Structure formats: structure tokens, C-alpha cells
Amino acid sequence: MNEIVAAGLILLGSLLALVAAVGLFRLPEVFGRMHAATKPAVLGLLLLLGGVALELDEWSATARIVLAGGLQLFTAPVAMHVVGRAVGRVVPVRHEDTLRH
Amino acid sequence: MIIEAVLAGVLIAVGVAQLLQRTLTRIVIGVALIGQGANLVLLVAGGPPAAPPLVGAEGPISDPLPQALALTAIVITFAMLGFLLALAWRAAKLTGEDRVEDDIEDRRVAHAREKGSTESRPQLPRVGTTPKDDR
Amino acid sequence: MIWFFVTLLTAHVIGAVLTAVLGTRLPRLAVAAATIPHVVSIALLASKAPQVLDGERLTASVPWAPGLDLTLSFQLDGLALMMGLLVAVAGILVVLFAAGYTGRSGKMGPMLGGLVAFAGAMQMLVVADDLLTLFLGWELTSIASFGLIGQTHHVTAARDAARQALLVTGTGGLALLAGLVLIGQATDTWTLSALADTGVPGGAAVEAGVLLVVIGAATKSAQFPFSTWLPGAMAAPTPVSAYLHSATMVKAGVFLLLRMSPVLGDTQTWTPLVVSVGCVTLLTAGWRALQADDAKQLLAWSTVSQLGLLITAIGVGGEEVLLGVLALVVAHALAKAGLFMVVGAADVITGTRDVRRLTGVWRRFPSLGIGVVACGASLSGIPLLAGFVAKEAVLEGLLHEGTLGTWMAVAVAAGSALTVAYTLRLIRAGLGPVDPQPSRRAVDPVRVRLLAWPGAALGVLSLAVGLAPGVQDGVVGTALASISEVSETPHLYIWHGFTVALGLSTLAIGGGFLVIRLLGTGHAPRLWPTPPEGTFTDGVHLLGDLARRMSRITQSGSLPIYLATMLAVLIVLPGVPLVAAAVIEGSVPGSVVRPGDVLLALAIAAAAVVTARTERRFAAIMSLGAVGFGIALVFVRWGAPDLALTQMVVETLGLLLFVLALRDLPRRFGPDPALLSPALRWILAAGVGSLVTTFTLVASAARTATPPSAQLAALAEPDGGGKNIVNVILTDIRALDTLGEITVLLVAAIGIAVMVTTGRDTGPSLPVEEVVDSDAPADPTTTGVMEETR
Amino acid sequence: MMRRGALVILLAGMWVALWGDLALGTVVAGLLAGLLVVATVPVPASDRQLTIRPVAALAFVATFAGMLIASTWSVVRLVLSSRAGDAHGVLIAYEIAPEAYAVRTLIAHSVSLTPGTLTVDVQPDGRTLQVHVMDADAVPAARRSISALESRAARAFAPTLPPSDRPSDTEVA
Amino acid sequence: MELTPFDVVTGVALLIQTIAAGLCVAKIASSRQLATRIVALDLLLAIILGGVAIISARTGVTAYLDVLVVGALVTFIGSVVASRLLDTEETA
Amino acid sequence: MSVELLPPLLVVVPLIGAAVLLALRGHVRLQQPVSILVSTAQLVLAVLLLAEVYDGGVVRTLVGAWPAGIGISLVGDPLAAILVVVASITLLAVLVFALGQLDDAEEKRYFHPLYQILSAGIALAFLTGDLFNLFVSFEITLAASYVLLLLATGRRIIRPGITYVVINLLGSTLLLLAIAFIYAATGTVDMAVLSERVGDLPPYLSTALRLLLVVVFGTKAAVFPLFNWLPDSYPTAPTAITAVFAGLLTKIGVYALIRTQAQVFGMAGDGADGLLLWVAGLTMIVGVLGALAQDDMKRILSFHIISQVGFMIMGLALFSIAGLAGAVLYMVHHIPTKTALFLVVGLVTKRHGTTSLKKVDGLISSAPVVAGLFAVFALSLSGLPPFSGFVAKLGLVQAGLADGQGWIVGASLVASLLTMVSMTKVWNGMFLGAPTPEPEPPLPRDGLALMTTATVGVLAVTLAVSVAAGPLNDMATVAAEHLMVPTGQTLDGEVAGR
């Protein structure tokens, strides 16, 4: 049972990664691609890691997996943020002018 | 095993193809690829894949020695690559591009041949005239 | 006994240094210092002369490198005594002449010093008793002569002539070395005296040795076909010519052949080779002497011709002939040195050496006249002079040596006729009416005396020896005894009676007069195409051309070509046996192919290809990163977590370094002006790649011994105190490697720091490029950046 | 002081996790290492502006997780749909209310993982985010969802609750 | 060694990962825009980390998880620093 | 002190010295005595090692006391000991010379640490008994040399450095590949164990392996046709550094060739030795012809290096005791002599700021001491008696003729003749003629005395090599005999000392 769930999670995670990669091609601009590279990729990796943790079923392994997953959760958006910043600095961006408050 | 050997070959081939160009970036990439290929070969040299070489591992473990060697080699290659990149940076600063030009002195010596054969041969002393500045 | 030789040689070394040092400041003392070594030589030789004349052979030796058969062995026998005395006596006269020649100028020191050093080398050569010691002296004379010829170093011609001389004599020297070693190895005997007793075995090695030794002698004595360096060397100051190119250095070849004749005389090659070399030289050089207008050139060719005569005679051999040869060596040295001095003096006084313009010189300066007439007569073999006695002896001897001897006697006579002719030309030139124009130079009369009398003295000496040939008997006879079996006490006669030899001499003299009558005042026509003067200068330049042409091929200065060469060698050398093996054995290890590996490998390979194909710099760099990370995955699959870890870290850092180093460069590579066509590059690439693959597989398949991994696992924990064997290896078992690795990192860091931090202002800084490719459409109306739509 | 202790424990936890070994020695070493880090590295000022309200924090995490799944789903749909090629987003500016730096960082960060939005830049004032919205038509929805996240984060972590942002307006997009 | 269902499924997952990785490489190669390439590389690294995790699960070797942690860390640092370096307006 | 400590100390002492020197990098005045001290210590250790093994003993140190074949062993056999001594002497002399020559503060700061690291790398290369460790030592040496090469010029001229670095990096990577193949086939990287196992390999594989090593080490040693990088890069460095490169770096390649070809692979009779003979001949001739084409003293001498490497390879290719002894003797002669010639170049540069034959004349009048030094070294290098070059050449000629390889002896003699001719080109072009006035304003003269002293010191060494040719030849023969025995057979002996 455990194994089936684990396998399912891993498969799902992989599929999400694939979708992210496909997104790189399908989406026309860099910001869109960044969406693709963050959300499905992060969730996919988390699912996958969860599956692996289930399969290994070992305290020390789980600890490290949690660490890695947390890191990924935390870092992927930051990385995208930095990339977006680099793009934003160079390319003139038209803002939507509505401001809150 | 075959796969890795072929992969190493491909990496090295691609590296070589880039090494033979004049653009320094390409050369550096070539060196890096060849280094990757070599590390791969080192790994393959240890024999077929097996469990990681940890004490107490179940089943056969992979040969740790080539792994240690490859590890050393990876770091050394990295250090060298870093230095080469610093060179490339300096070259770009100096010349504004990253071309490896030919050696000037070699060119000059080679060029001197055409001229040398007609012009630079010294005149021989004529009979009966003593060079007078010899005393 | 060893102190005898040590004193003999060190006297020259000290003398040379002293002279060179004193030369500029105290010329008189320098002359004295230059004379002393010769006087010492004469005294030393004279002190041992009684023993030697009694037939003793005095020897001594010091081991140098016994493992290489290198021993310094010396002997003093008759031949050494004779040659040593000749070198010393001629040396004194030349030093005095040189003092006059250079006057009070500061050039005296180096020249006299060089002459003394040369004399020392020559002494070493003549007293050598070991094949390699002989070679040592031989090469030292070459070096000293290079220095002396190049003496007038402000003149390009002199420098070039010095190089030619060194090139030719150097060639000969090396041939000699090879020849001597061949002979030494064939006999396992390295002392000359022992060799003379045992002789040499037959066989190819020895015959080759003979050829090489004769080549050595021929170069030194300027024999055919190596003659031309000697006339070229006439660019040297005349004292040098008088000493080296008449009395001593060129005689070294003759001396060598004399020394070797008892050892090698019985080999098959010896006689034909030596005789033909000598005979051709004798005749051709004689004619060349007739063609020369420059008095020094004339004398140079004359020397070559006379040496040819000597060598011809040595080739024929035989007791009587060799006696004549020895006498002729002495006679020629006296006469030719004298002639050089006279010509040199005339040159200093009148400013020309052209025989057509020397008119009246001998009349104006009778002391020069005496010298030129006496020495010339001796050279030509006019009766009553030393040359006549010696040449008669040679002819007499030759006629007793069968058919070959007879023919050679005829050749010698013909050569002598030429000798008479060119000598006459020289003498006649200066006997004409005195040039009405006053000499262009006012020459100090003391200096004229210093210049003139050594030549005259040699002339008188030639006459004296000719009148009383018996005075030489002792020395020459002992010398003969040391190179030949002697049946009876040798004796030189002034009068042999009305013999065939005398007839030949007479014919020669008559022929000479006839030739000169036919020629008139001009020089002889060319009978065969002769290479122009300075052929060897051309030789040096040809060599230079060859060198340049070659280095244009090998030294392209182009990194891609160097790399391609290296890789081509790599493919060919280890590749050939491997491919052959693969064809023959067809052994490639089979192993389980996991589909995942294939996919992974494909992805990595694709990324690698991208690095090569993309036009965008950062695409290439990032693909390189992709390759690296992919390989980390391979490491994981292989069971190497530590490697994968390191690879990840290193790859990331590497990527950063790449970006850091290259970010200021254009985003696109631009065309690569590669010398190698893409096809060639990829062929090489494919070659190297497939070599690596094949090699890996073949080597893996051949694994015989088990690797020490099993032992390592057992050893690691108790001894190394770790669970991770790789870590144990790195930190303990192969800690030395790790130490080295850290060192390399440190050095690279220093290098990077030096490259990056200093001298920022030394080059033009680059315009900052935009992050986005210039050709990417940046549409300002939409947010974000459009991807290309093609 | 409490927070420092928590930080030490967190670091020790990471240490143990990395060693993969729950032995006494490892734990002690991890604690020592954590102490060392805390003692030597100056704690950022933001640390003092952070309070953790456990229940609200759990709510935030839950919201966040839900949004992550939702956003993933929307991206998957977009990528696999035929409209993918026309998906040009817009950039909007969004001003964050909470004062605490740490909370603002958390919000800017979380925005990237919520549906249709991605933080592209932060204005130098530190409170105006540039947010990329995938669907140009859904800008108001996006604003709402950011706002919801913002208020949950503030409730969970902000040291003082902003007066304008009472718990009353907490509808989730 | 016979294949368990788990092996099969994870094998398929690896296949999918590889395909995704290939797509990333293709994007790195084909894109004209630096930012896109960074995004693609970042994604590629995430995929590779996933691959490491899968292999760890398949082999049961937890040592690979160290690679995972370190990898997550350094790839992040790599992406950030690379982007910062390329942000030439910032540094010029 | 246990003799087994000597080999590791020879490597570690300079490394520690380098660390100290690096810490002192702000204090050049302090660095100088420390650096000299370290080099002297290395020399003393080297002499102690030689005293231990000169008559045939072997000091084998198992680093970390791991059994042979598992750990790294350092092997002080006669060959290694001789070369380490000669190298230490040369390094010390050049160091003294460099103290007078360097003037850029930046150069000075890093010169000493890098120089000591280079020393350590060279010592390790000579002493290590492990192939992979040899690779590491190569890398240390090369890394230090890369940086030294570029230290002075690198900020202005990059190209020669790039040629040097790229070629050598490729060479190193190929060495790594070779080690991988060797490990794949034999399961060891220890040279002693390897020499026992090569016999079990199929002949084609051992041939391929040894040829691969020929290519790798041949590149480092600059043999035909892999030499072209050398004259393009060496002359650009400051002379003191070129001097070390010329004297020692190529020699490491030659040493590695000798070690692997003679000792590890031995005489396989597979045609590789014949090939090496051809390589030797071509290297000699092509190298010296290249020298003839040049008209810059430094470049001429750089081409000579190639030609003379050919001589050493010739000794190796004969695969006889006499031949190997000749090669060893030639190395012993060549290291100090070649170094010294470059030091002379440094003296010329110090006066005139250039080494072009066309721009400098008449040094014999203006600088007779320099002229005298050059003359002796040039004659020695041309193999003329009575200098060390003659003895070395004689050894090779004897060995070649004893082997019946007349043609290679002929080639070597032609090469030494051409060497002489090209030396006369330098002599005529630079030393003879009317003296060139020194540049205005005159170059700073400080340090010239020190530089000349160092050069005279090397002169003494070369003369000593010549005078002591007998004992040296005996030692070289012992070393050669030791080489002809595969290392594996000396393993059991585990000889410490005798």
C-alpha cells in the first residue's frame, strides 16, 4: 500500500515536471515561463520527495528529504524573483496603472 | 558500461571539436567537456555500477578508489578551468574579444623566409681587398 | 711523467689568460707572456728529447670517466716530439710577427691570447695517447680557431668565415668522434699505442670508422670536398693564417692520418680513400691557386694542394714515403708560414694583397724579398732547399711502392709543377718596377723590421735545412719509428743521384715555368665550374633557409594547429594497435544496458552538442552546466554519491565563474576564423572520441587483477576510522593527493586573483552589452518580452 | 531570547537531519553548532518584528498549500490548453500593508506560488511589489487572492496587526 | 533481479523526467533570451534533483539524499548569483 | 632521523615554506631569507637522500603506512635522488638570481610562494611511485608554472599563456584518461604493482597504453611533433622563470617517459622502442633547425631545449643500460647548463632590455664576463669538450654505437653540430661587433651582482658535472640498472637505505 502511494506520488511529481518543461515551450514570454517553472515544478518535486520519503521510510532519510524540500520550496520563487528582476531592469515594462489604496 | 563509455567518447569528441577553434570561450568549454569525459572514464574504470562504497553496505560495493581519484581530478580540473577563465577575462579586457591569435614572432620568422632568401644574404669579401678595420 | 704533460698544457692556459689580460694595457709584457709558453714547451720537449730519441715512449694517464672509456692519456714519442717542436717554434715566430702586425693597438691581447690557447690545444692533440683525448685536443683546436678567425669581429665576412670554418671542422670533428668510438668499441682498446700494437679487426664497423676518421682529417686539412673553408678563413688576421692555416691546425689532419696509419693502414678502405682524396685535392687546389689574385687566397689554395700531396703520400704509405712526408711536413710548415708572414707584411705596408698590385714590393723591402724567394723556392722544391729534399724523398719512396706509387709520383710531379707556377706568380709580382707612388701608409721602421724578419728567418732556415738535411734525421727518424716499422736508420739526402725522382722534379720545375709563361701576368682560367668564393657562407645561409622553411611548417604559431597535431598523433599512435586489436579480437565487454542510462546519456549528449552548435555564448555555457549536472546524475546511478555531490558544487561554481568571466563579451560568438575547416575538426573529434570509447571498453574487458576495493572496505573502518570509504581514501589513504589538490586550488586562486585584481587600467574596458540579444525583438507595446515567432 | 533559542534548535535540527543520525553526540554537536552560528552571526533586525501565532500560522500554511495546488492546476491547464500561445500577462503594482520586513518578504515570496501571480520585483521602498499576472482579465481576482494571503500572513506573523486590516475581511479567493 | 511494480513505475517516472530534462536542454539551446535560459536551467536542475531522489528510492541508498540537499542549496545559489551577475545595470 | 622521512619531507618542506611565504606576502624583505632557507633545506634533504641511495639502494616510503598498492608510495631510487639533487641545486641558484632580477612588487609578493610550490611539485614528480600522484604533481607544477608565467606578463600579454595553459591542460586530461585506462585494465595505479601486471595484459593493449603515455609525456617533454607550444610560450616569461622551465619542466616529462617506458612497461619489443628512436631523431633535428631560424636569443635557446630533449629520448629509446645511463647523465648535465644559459639571457636583458640578436652587439667588449659565461655554457650545450655536454653526448654516442644504431648517433651528431652553428649565430650576432650603447636612460643595475654571482654558481656546477663525470656516470649507470629491473621486483626488498 505504502509502495503504491509512493509510486503514485513519484509518478505525479514527474508528470508535473514534464508539464513545467512543456510550459517552457508553450508559453510565449519569459514571465509566463517563470510561472511554469515555479508552480508545477515545485509542487512536483515536493510530491516526488514525499513519495521517496514514503518508500524509504526511514527517519534520517525523511529528515533530509524535508530539508531538501523546504529548501526547494523556499528557493525556487526567490530564484524566479531574481531572474524576473534582471529581465525587468532591462526591458521596458508597461504597468497596469491601478494602484491599491 | 558501454553507454557510459560511448557517452564519454561523445563528450570528448564534442569537446575536441570546440577546442580546435579560435574563440576562447569555445576552447574553455571544450576543455571542460573533455574533463567531464575523462572523469566519466575514470568512474567506468572502476568496474560496473554497484552500491555506494560505504562500510556496511549490502551487496557488492562499487570500487571506491576511482571515485576518490575522480573526485580529486574534478576539483583540480575545476581549479584549472577557473584559472583559464580568469585568463579569458583578462584577454577580453585587453583585446575586447576572445580570440586566440597566432604567435607574432613565429609569423615574423616565417615571413622572413621570403625576404631572407633574396635580400639578407651578406656580400662576400672581394679578392684582394683587406678589411682594414681589423687592426 | 704526468707532471710533464700537466706543465705543458697549463703553461698554455696560464699564458693565454695572462696575455689576454695584459694585452690592452701592457702590450710588451703581453708579447712576453705569449712567448713564454712556447719557450716552456721547447724546454720541456728538449729535456725529454734524449730519451725519446733513444726510442722510448713516455706515457701518463689520468682516468676521467672510466665508465665511458674516457681517459686522459698522453704519450711523448717521436712524432709528438717533432710536431710539438714545430708548433712551439712556429708559435714564437708568429707571436713576434703578430706583435708587429697589430702594432700598438689594443687588439693584441685577444689575438695573442687566442694563439697561445690554440697552441695549447695543438700540443694536447699531438701528445694524446687516447682516442678520446685525441678528440678532445682536436675539438679544442676547432674552438680556438673559431675564436681566432672571428677575431676581426667588426667585419661581417670574418664572422661568417669563422662560422663556416667551425661548421666544416665541426662536422669533421663529429665524424671523427663517431669513427674513433667505432674503432674503440670494435677493439675495446682506447689507447693509440696499444692500438698500434694490436691493430684492428676487419668488419663493417671498423671500415665505417676508417671512413669517418678520414672525413675528420679531410675537413681539418681542407681536403676535397671540404676545401673551401680554408680560403674563406683568410678573412682572419694574417698571423692567425700563418699559424693555423699553414703550420699547425691544417696539419692536424695530416697528423691524425700519420697517427692512424699504423692502426688503420691495413684496412680495405684506407688506401683507396686516402689516396683519392689527397690526389684530387692536390691537383684541383693547385689549379685554384693559380686562379687567385689575392695573395692570401693563393697561399691558402697552395696549402690545400700541399696537404693533398702529403695525404696522397700517406695513403700510399711505406717506410720511405712516410719519411719524406715527415720531412715535408716540416719543410712546408717553415716555408708556408714564412710566405704568409711576408704577404702579411706587404699587406700592412702597401695596403693590398692583390698580386697584380704588389709590384716592386720585394725590391723596396729586400728583407721581404729574401723571405719570399727562399720560402717560395722551398715550397716549389727548388734544389738546395728543405722542400726539395723532402719532396725528393717522397718521390723516391713513391716510386718504390708499385704501380700505385708510380702513378702517384706522376701526380705529385704534376702538382709540383702547379706549385712552381703559382709561386713564380707570387714572386714575380713583387719583383716588378717599384711603384712610383709612395706607400699610402707611413709605417714605423721598427714595425717593418718586426714584420719582415720572421719571414726572412724562416726562409733562411729553409735554406739551412735544405743544405744540411741530416740535422733532421734524429727527430724525423724517431718520428718515423713511432709510426712505421723501420728497417734501417732513416736518412735524408740532398742528392740521390740521377734518379727518376730527380727527373720528375726537374720536369715539374720546367712545367711550372712553362705554365707561367703561357699564362703571362694574368690568373689561370677556370677549367671546371667552381663554386664561387664563400660557398660555405652560402651553406650557412642555405641551412638558415631550410630552417626557416621548416619552422614555417612546424611553427605556425597557431594554437588550433598545435592542438590538432597533438590530437592527430593521439589518434594514430595508440589508436593503431587498438583498432587492430578490435578487428582481430573483436572483444568488447558485454554488460547490461539499462534503458534509463541510454536516455540519460542521450540527454547529456544532446546538451553537449548544444554547447558546440549554439551561436549564443550563454546558451553554450548553460548547456555545459546541464552536461555537468547530468553527469552528476550518472554518478548517482553508478553508486558514487560523493562524486555526484562534488560535481554539483563544482559545476555550480564553475557556471558562476563562466558567467563572471564572460559576461562582458558579446552575446553571440560571431564567426570563428578557424584555420581548420569544420569537417576536419569534426573528423579529429570523432577520431578522438571513438578512441576513448574503444580504449575504455578494451581496457575494461582486459581487467585481470581484482582492484583493492575489497581490501579497502575491510581496512577503512578500523584504520581510517570512517564509514565512507571514499572519504577515508581522500583524507587518509591518499592524503597526499588531497594535499596536492588543495595546493592546486590555492595556486589557481592566486592566479585568478592576480589576473583579476591588478592592472585594471591596462586595457580598454568594454562597452556594456545588453542582457537581451540584440536581435531579439523587444516589443515595447506588450508587457514582457516576446519570444521569437519563427 | 526565546526566538534565539528556537533558532538554535532549528539549526540543530538541520544538523541532525544532514547527519541522518539521531545519536546523542550528533544532537549535542548540532546544538553547539547552532549556538556558534547564533552567537557569531548577527541576527537580522527583522527577527524582532516577528511573532508567531501558531493557529493563524497553520491557517496560513494551509491556505498557502491550497493555493500552491490551485496555482499548479491552473498552470497545467494553461500549458495544456490551446490558449497557451496567447497567454500574455500584465504587470501590476501591489502595495503591501504590513510594516514588518519579514512579513513583507514572506508575502512577496508566497505570491510567486499562488495562482496566476509571480513577484517580479520589489520597488526600492520595500513595499510595492511588481507582480506578474498570467491572465490579463483576472487582475482583480489576483489582487484579491494576494490580499487574502497578505492578511493571513499578517495575522500569523505580524507583531502588530494593522488597524485597517481587521480579521473581518477574510474571504479567500 | 526481477522488476517489482514499484521499479516499473519509478522507471517510467525517470523516463518522464528525462524527457522533461531533454526539453529543458532544448530550450536552453533554442531560446534567444538569456532569462529564459536561466529559467530553463533552473528547471533542469530541479528535475535532476528529482531524478536523484527517485534513484535513491529505487536503490534504497540514502546516501544520495545528501546530494539532494547540497544540490538544492547550490543550485539555488547558482541561479541567484548568475542572475545577479547578468543584471548588468546593477553592476555596471 | 629515519631515512624514510626524506622523500615526504622533500615535498612537504617546500609546501610548508610556501604557506609561510604566502603569509608573509606583504613583507618581501622577510620573504627572501625564508625562501632561500627553504630551498637550501630542500637541497640538504636531497643530498641526504642521494647519500642514502647512490650506490643502488632504494628508500621507499609508504605515506600513511598503508600497504603498497593501496596507499601512495614515494620512491627514492637512484634516478629520483640524482634528479632531485640536481633540481634542488638549480632551483636554489635561480632563486638567488631571481632575487636580483624581479622588480615588480606584485611579482615579488607571489613569486616566492609559487616558486616553492613549484619546487614541491617537481620533487613530488620525481619521487612519487604512484601514477595518479604523478598526475597530481604535474598539476601542481603546471598550475604554479602557469601563474608564474603570467605573473609578470599576464596583464599585458595573454596569448602565449593561453597556448601554454591549453596545451598542457589537454595533456593533463589525456594523462588522466591514460590513468583511467590503466586502472580499468590492471586495477592499480601504483607503478610498482603496475609493472608486475602489464605482463598479463594482451600485447596490443599494453602497446596502446604505453603509446598513449608517450603522447602524454611527450607533450610535456616537447618531443616531435608535439613540441610547438614550447617556443611560443617559454620565451615570454621573465628569464628567471624561463630558466626554471627550461631546466626542469620539460625534464619532468622526460623523467616520466623514462620511468614509465623503461621501468613500468620495459622492453616489450613491440616496436614502441623503434618508434621512440625515430621520435628522438626527429626531435633533435627539427628542434635545432627551428633554433637556426630564429633571431632572438631567448627563442633560439627555447628551440634548443626541444633538440636536447631528443638526446634524452634517444638514450631512453636505446633501452639499454648504457643508453639509459646516457640519458640520465644528459639530464644531469642539461638541467644546470640550460638553466644557466637562460640566466645569461637574463643578464643581457638586465643591461639592454632586449634579447634580439639584431638589437644587441659587441657584448664581448662591453660585458666580457657575460660573454665568457655564455661561451662556456654554449660550448657545453653544443657537446664540445671538455665541458659536461661532451661527456653526456659521449655517453649517448657510445650507447648508440654499441647498440648498432648508427643512424641515430649520426642524427645526434648532426644535431649537436647544428646546435653549435646556432650558438655561433648568437655569438656572432650578440657578442661580437661594435658594442651597442646601453639604452638611455640606463636600466637599473641593482641586483646585477647577485644575478652574476648566481650564474657563476651554476657555472661551478656545470664544471663540477664535467670534472666528476666519472662518478656521475657510475651513479647514472646504477640508476639505469635499477630502471631496467621492473619496480615490482624491488617491492619485496622494501629496502630502506641499503
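Asker: If you had to explain the overall build of chain E to someone new, which residues and values would you point to?
Answerer: Check the secondary structure of chain E and you find four helices and zero strands. Ordered by position from the N terminus, the helices and strands of chain E form the series α-α-α-α. Residues counted as buried form 70% of the 92 residues belonging to chain E. Here the contacts in chain E between residues at least 6 apart in sequence split such that 47% fall between residues at least 24 apart. Here chain E displays about 2,800 Å² of accessible surface, and carbon together with sulfur accounts for 68% of that area.

Asker: Residue-level account of the packing of helix H4 (residues 108-127) of chain C against helix H11 (residues 249-264) of chain C, with values.
Answerer: Residues and elements named next belong to chain C. It is at 11 Å that the axes of H4 and H11 come closest, and there the two elements cross at 5°. Between H4 and H11, the interaxial angle falls into the category roughly parallel. In this structure, H4 contributes Phe 118, Met 122, Leu 125 and Val 126 to the contact, and H11 contributes Met 249, Ala 252, Phe 255 and Arg 259. Its residues placed into classes, the contact of H4 with H11 shows seven nonpolar, no polar and one charged.

Asker: Got a sec to walk through the interface of chain C and chain B? Specific residues and values, please.
Answerer: Contacts between the two partners involve 133 residues from chain C and, on the opposite side, 103 residues from chain B. Buried area between chain C and chain B, both sides added, is near 10,300 Å², and the carbon and sulfur share of it is 70%. The interface formed by chain C and chain B contains one salt bridge. Between Arg26(B) and Glu615(C) there is a salt bridge, with its nearest N and O atoms 3.9 Å apart. Our count for the contact surface shared by chain C and chain B stands at 12 residue pairs in polar contact (both at pLDDT 80 or more). The biggest single contributor to the side of chain C that touches chain B is helix H27 (residues 641-662) of chain C, with 14 residues.

Asker: Now, about the packing of aromatic side chains: what can you tell me, with residues and values included?
Answerer: Residues and elements named next belong to chain F. This model, assessed by the stated rule, comprises 23 aromatic pairs over all chains. On the basis of an interplanar angle of 25° and a centroid distance of 5.1 Å, the ring pair of Phe 111 and Tyr 115 is categorised as stacked. In this pair, Phe 111 and Tyr 115 are both assigned in helix H4 (residues 105-127), four residues apart and thus about one turn of the helix distant. Take Phe 111 and Tyr 115: they sit in the same class, and that class is buried.

Asker: Tell me about unusual backbone geometry, and please be specific about residues and values.
Answerer: Residue Pro225(F) is bonded to the preceding Phe224(F) through a cis peptide linkage, with omega at -5°. Here Pro225(F) is to be found in the loop between helix H8 (203-221) and helix H9 (229-233). The omega angle of the peptide bond from Pro385(F) to Pro386(F) is 5°, so this bond is cis rather than trans. Assignment of secondary structure puts Pro386(F) in the loop between helix H15 (368-381) and helix H16 (388-402). In the Ramachandran plot, Asp188(C) falls in the positive-phi region, its phi being about 60° despite a non-glycine side chain.

Asker: How would you summarise the side chain of Gln223(C) if you had to cite specific residues and measurements?
Answerer: All names here are of chain C. Within the fold, Gln 223 resides in the loop between helix H8 (204-220) and helix H9 (229-232). At 3.2 Å, the side chain of Gln 223 and the side chain of Thr 281 are in polar contact. Those residues in contact with Gln 223 that sit more than four places away from it in its chain are Ala 218, Val 277, Gly 278, Thr 281, Val 304, Leu 307, Gly 308 and Ile 311.

Asker: How would you explain helix H3 (residues 54-80) of chain D if you had to name every residue and give the values?
Answerer: In an α-helix, one turn spans 3.6 residues; hence positions three or four apart end up facing the same way. A rise of 1.5 Å per residue sets the reference length of H3(D), with its 27 residues, at 39 Å; its end C-alpha atoms lie 39 Å apart and thus fit the reference within 8%. Of all the positions in H3(D), only Ala57(D), Phe60(D), Thr63(D), Phe64(D), Met67(D), Leu68(D), Ser71(D), Thr72(D), Val75(D), Val76(D), Leu78(D) and Val79(D) are classed as buried.

Asker: Any chance you could break down the pairing of strand E3 (residues 128-133) of chain D for me, citing the residues and the numbers?
Answerer: Residues and elements named next belong to chain D. For E3, the buried fraction is high: six of the six residues fall into the buried class. Across six bridges, strand E1 (residues 90-95) lies against E3 in antiparallel orientation. Pairing of Ile 92 across the sheet is with Val 131, part of E3. Summarising the sheet, strand E2 (residues 117-122) and E3 pair through five bridges and their orientation is antiparallel. Note on E3: the bridge partner recorded for Leu 118 is His 132.

Asker: Any chance you could break down H15(F) for me, citing the residues and the numbers?
Answerer: Residue and element names in this part refer to chain F. With 14 residues, H15 extends 20 Å between its outermost C-alpha atoms, agreeing within 8% with the 20 Å of an ideal straight helix rising 1.5 Å per residue. Within H15 the residues assigned to the buried category are Val 370, Ala 371, Leu 373, Phe 374, Val 376, Phe 377, Ala 378, Ser 380 and Leu 381. Where H15 is buried, its residues contact helix H12 (297-318), helix H13 (321-352), helix H14 (363-366), H16, helix H17 (406-431) and helix H18 (448-467). In the stretch just after H15, Gly 383 is the one whose phi turns positive, near 80°.

Asker: Lay out the environment of Ala421(C) in plain terms, naming residues and giving numbers.
Answerer: Within the element layout of this structure, Ala421(C) appears in helix H18 (residues 402-431). Among residues more than four places away in sequence, those in contact with Ala421(C) are Leu290(C), Gly512(C), Val515(C) and Ile516(C).

Asker: Give me the lowdown on the packing of H8(C) against helix H12 (residues 270-291) of chain C, citing residues and values where you can.
Answerer: Residue and element names in this part refer to chain C. Interhelical geometry of H8 versus H12 gives an angle of 20° and a closest axis separation of 10 Å. One element, H8, and the other, H12, form an angle in the roughly parallel class. Regarding H8 and H12, the two cross each other, and that crossing is right-handed. Residues Val 210, Leu 211, Val 214 and Ala 218 of H8 lie in contact with H12, whose contacting residues are Trp 270, Leu 273, Val 274 and Val 277. Counted by class, the contact of H8 with H12 contains eight nonpolar, no polar and no charged residues.

Asker: Before we move on, could you go through a nonpolar patch on the surface and cite the residues and values that matter?
Answerer: Among the surface-exposed residues, Val13(C), Ile14(C), Val17(C), Leu18(C) and Val21(C) lie close enough to one another that they form a single nonpolar patch of about 460 Å² accessible area. With respect to the helices and strands, the residue Val13(C) is situated in helix H1 (residues 2-23).

Cut-off values and rules
- Sequence order sets the numbering: in each chain, residues are counted from 1 along the sequence as written.
- Lettering of chains starts at A and numbering of ligands starts at 1, both following the order in which they are written.
- Under the rules for a predicted model, residues below a pLDDT of 70 receive no local features and side-chain atom pairs below 80 are neither given nor counted, while totals for whole chains, interfaces and linings still include all residues.
- To obtain the side-chain values, all non-hydrogen atoms of the structure were used and water was disregarded.
- Runs of H or I in DSSP of at least four residues are treated as helices and runs of E of at least two as strands, each being numbered from the N terminus.
- Here the term buried applies to any residue with accessible area under 20% of the maximum for its type, exposed to any over 50%, and partly exposed to those in between, with areas from a 1.4 Å probe on protein chains only.
- Should any heavy atoms of two residues lie within 4.5 Å, those residues are considered in contact.
- Accessibility throughout is a Shrake-Rupley quantity obtained with a 1.4 Å probe, and a residue counts as covered only by protein chains that appear here.
- Fitted lines through C-alpha atoms give the axes, limited to the stretch in contact for helices. The angle between two N-to-C directions lies from 0 to 180 degrees.
- For classification purposes, an angle smaller than 35 degrees is called roughly parallel, one larger than 145 roughly antiparallel, one from 65 to 115 roughly perpendicular, and anything else oblique.
- Each residue gets one of three labels, nonpolar for Ala, Val, Leu, Ile, Met, Phe, Trp, Tyr, Cys and Pro, charged for Asp, Glu, Lys and Arg, and polar for the others, Gly among them.
- Buried area, as used here, totals the accessible surface that two parts lose on assembly, with accessibility defined by a 1.4 Å probe and the loss added over both.
- Salt bridge, as used here: a side-chain nitrogen of Lys or Arg that lies within 4 Å of a carboxyl oxygen of Asp or Glu.
- Pairing of N or O atoms within 3.5 Å defines a polar contact, subject to two protein rules: one partner must be a possible hydrogen donor and the other a possible acceptor, and residues neighboring in sequence count only if both atoms are side-chain atoms.
- Each pair of aromatic rings taken from Phe, Tyr and Trp, with Trp reduced to its six-membered ring, is defined by centres within 6.5 Å and is described as stacked if the planes are under 30 degrees apart, edge-to-face if over 60, and tilted in the remaining cases.
- A helix's residues, less one, multiplied by 1.5 Å, set its expected span.
- The rule for pairing is simple: two strands pair if DSSP sees at least two bridges between them.
- Left-handed describes a crossing in which the near helix is turned anticlockwise from the far one by less than a right angle; the clockwise case is right-handed.
- Distance thresholds for patches are 9 Å for like charges and 5 Å for nonpolar side chains (Val, Leu, Ile, Met, Phe, Trp, Tyr), applied to residues having over 30% relative accessible area and no salt bridge.

Note that all results are geometric; they support no functional claim without further evidence.
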